[in-house]
Amino acid sequence: MILTVASGKGGTGKTMLSTSLALALSREQPLTFLDCDVEEPNARFFLKPDLSGPPEEVTVLVPDIQLERCTFCGKCAEICEYNALAVLADDVLVFEDLCHSCGGCARLCPEQAVLEKPKRIGTLREGRSRSITFVEGLLDIGQILAPPLIRAVKNRIPDQGLTIIDAPPGTSCPLIETVRQSDYALLVTEPTPFGLHDLELAVKTIQEFDIPCGVILNRAGIGDRGVENFCQKESIPILLTIPLDRSIAEAYAQGTPMIEAKPEYVQVLSDVFRNIDDTLQAESRRKNHPGAKP
């Protein structure tokens, strides 16, 4: 199973939940944890993996113009949807930060004057935390394209077993790349107007991929019932409600997992996972036997 923990809005407790869920479930089975919040990965502060090995450099391909072959016909710039190339009378300008590494310019150049060279965008590190295989990506400062690095992290998903993914906040390309091919999305939100607004966007994004989802309502009691009303209207299960608790916030600020500050949540989070697993199995039976009762 690939279980992605997402939020839409930042600061809802997504990493707190994903790491505590991983620690709780790792007591019963080995699993893989991917930190795909590559612009600011911080799951390592809670899982404390051994990352003593050297980081792996992650690169993308960008155009490398061979001016001695170029006739400055402009076809490379014409097909570039991101305006990463500008053809002048006797030169070709390459704006590497705009390039999305599609390779179209190199394939369509009639003179084969466009080669490709690697450009570093970040690093990937892998380690162990007890029975958890931990993988994280870290985007280099100044780089803007997170999806290629997220793909590199997701390439470490094993063929079998449970994988928990900590997704980046928001609903743009990084989240889309992260949640793609997931079996279930666990959305963490808070009972505020901002939490509801971004939850609605996240749900729409997840539904585009036909991925089942459930909600964890964190810091319950600080706002209104907008999130509950929305989930009821959309038939989205609220799998867990966590009340506002200062001790959890203090533990989080110190890099202490929630289940260490509140050991009772080990069983609670295990029950949440079993609920998700039962839902997926029931859905699988329904698809294999369309006439069966849900």
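Because the structure is a prediction, the values reported are computed rather than measured.

1. A short note on the overall build of the protein
Within the protein, the regular secondary structure consists of 11 helices and 11 strands. Taken along its principal axes, the extent of the C-alpha atoms in the protein is 70 × 50 × 40 Å. Among the 294 residues that make up the protein, the fraction classed as buried is 49%. Looking at the protein as shown, the accessible area adds up to about 15,000 Å², and 49% of this sits on carbon and sulfur atoms.

2. Examining the pattern of salt bridges
With the rule as written, the count across this model stands at 17 salt bridges. Across the pair D140 and R120 runs a salt bridge whose closest N-O atoms are separated by 2.7 Å. One end of the pair, D140, is in the loop between β7 (132-139) and α5 (147-154); the other, R120, is in strand β6 (residues 114-129), and 20 residues separate them in sequence. Here E250 makes a salt bridge to R246, at a shortest N to O gap of 2.8 Å.

3. Here we look at a nonpolar patch on the surface
A cluster of nonpolar residues, Y82, L88, L93, F95 and L98, forms a patch on the protein surface that exposes about 430 Å² of accessible area. Considering the arrangement of structural elements, one finds L88 in the loop between β4 (85-87) and β5 (92-94). Here L88 falls in the partly exposed class, since its relative accessible area comes to 42%.

4. Here we look at the sheet that holds β6
An order of β3-β6-β7-β2-β8-β1-β9-β10-β11 is seen for the 9 strands of this open sheet, with the pairing classed as mixed. The open sheet terminates on both sides in strands that have one partner only, identified here as β3 (56-65) and β11 (238-243). Neighbouring strand axes in the sheet, compared pairwise and without regard to direction, differ in orientation by 20° on average. By the bridge criterion, 5 bridges tie strand β2 (residues 31-35) to strand β8 (residues 162-166) in an arrangement that is parallel. Paired with T32 across the two strands is T163, which belongs to β8.

5. Comments concerning the side chain of S7
You can see S7 is positioned in the loop between β1 (2-6) and α1 (14-25). Judged by relative accessible area, S7 falls into the buried class, the value being 2%. A polar side-chain atom of S7 sits 2.8 Å from the main-chain carbonyl oxygen of K9. Among all residues touching S7, those that are not within four sequence positions of it are T12, K14, P169 and V188.

6. Looking at unusual backbone geometry
With the exception of glycine, most residues fall at negative phi, and the peptide bonds are largely trans. Look at S101: it is not a glycine, yet its phi comes out positive at around 60°. Of note, S101 is situated in the loop between β5 and α4 (104-108). Its identity as a non-glycine residue notwithstanding, R130 has a phi of 60°, on the positive side. Structurally, the position occupied by R130 is in the loop between β6 and β7.

7. Some details on the pairing of β7
Counting buried residues in β7 gives 7 out of 8 residues, a clear majority hidden from the surface. Sheet topology note: the β2/β7 ladder contains 5 bridges and is parallel. Paired with L31 across the strands is I132, a residue of β7. Across 8 bridges, β6 lies against β7 in antiparallel orientation. Within β7, the residue paired with L124 across the bridge is G137. Hairpin connection from β6 to β7: 2 residues lie between these consecutive antiparallel strands, with R130 at a positive phi of about 60°.

Calculation rules
Residues numbered from 1 in each chain as written. Predicted model: local features only at pLDDT ≥ 70, side-chain atom pairs only at ≥ 80, totals over all residues. Heavy atoms only, no water. Helix = DSSP H or I, 4+ residues; strand = E, 2+ residues; numbered from the N terminus. Buried < 20%, exposed > 50% of the residue type's maximum accessible area, 1.4 Å probe, protein only. Areas by Shrake-Rupley, 256 points an atom, 1.4 Å probe, with all protein chains shown as cover. Salt bridge = Lys/Arg side-chain N within 4 Å of Asp/Glu carboxyl O. Patch = residues over 30% accessible without salt bridge, like charges linked within 9 Å, V, L, I, M, F, W, Y side chains within 5 Å. Pairing = 2+ DSSP bridges. Axes fitted to C-alpha atoms, helices over the stretch in contact; angles between N-to-C directions. Polar contact = N/O pair within 3.5 Å; in protein donor to acceptor, adjacent residues only side chain to side chain. Contact = heavy atoms within 4.5 Å.

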